[in-house]
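# Chains, contacts and geometry: an overview
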Amino acid sequence: MSDVKATVLKDGPLKIEGPIELLDADGSPIETRAGKAIFLCRCGGSKKKPFCDGTHSKIGFAGAEAAVAAVSGERGES
Ligand code: FES
């Protein structure tokens, strides 16, 4: 089993626990606090990307699970 655990939080960020190396688009390391979980933005609204800053709750972000359910409902799919 992996030492890294990634959890998709309902209508919120991606929580990463365990030893990881976080890099930006240029391959430069992004500093994280050793031993602490990090929360990566999934909504696109954070001003501290790639980290979550709580904006998801202010903009009513609905995770993909909710979006798929909504589209399926509109189409009459079950
Ligand atoms: S997921 Fe929290 S600010 Fe985007």
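The preceding data block contains the structure.
Okay, so let's go over this structure. Since we're looking at a predicted model, the values are computed, not measured. (Residues numbered from 1 in each chain as written. Predicted model: local features only at pLDDT ≥ 70, side-chain atom pairs only at ≥ 80, totals over all residues. Heavy atoms only, no water.)

Note that G44 resides in the loop between β3 (38-40) and α1 (55-58). A relative accessible area of 46% places G44 in the partly exposed class. Each C-alpha atom of the pair G44 and T55 lies 8.9 Å from the other, and the pair is 11 residues apart in sequence. (Helix = DSSP H or I, 4+ residues; strand = E, 2+ residues; numbered from the N terminus. Buried < 20%, exposed > 50% of the residue type's maximum accessible area, 1.4 Å probe, protein only.)

Looking now at the pairing of strand β2 (residues 14-17). Bridge count for strand β1 (residues 5-8) against β2 is 4 bridges, and the pairing is antiparallel. The residue of β2 that forms the bridge with A6 is I16. (Pairing = 2+ DSSP bridges.)

The next thing to look at is the sheet that holds β3. In a beta sheet, neighbouring strands pair by backbone hydrogen bonds and run either parallel or antiparallel. The 3 strands are arranged β1-β2-β3 in an open sheet whose pairing can be described as antiparallel. Looking at which strands have only one partner, the edges of the open sheet turn out to be β1 and β3. Taking each pair of neighbouring strands and ignoring which way they run, the sheet shows an average axis angle of 25°. (Axes fitted to C-alpha atoms, helices over the stretch in contact; angles between N-to-C directions.)

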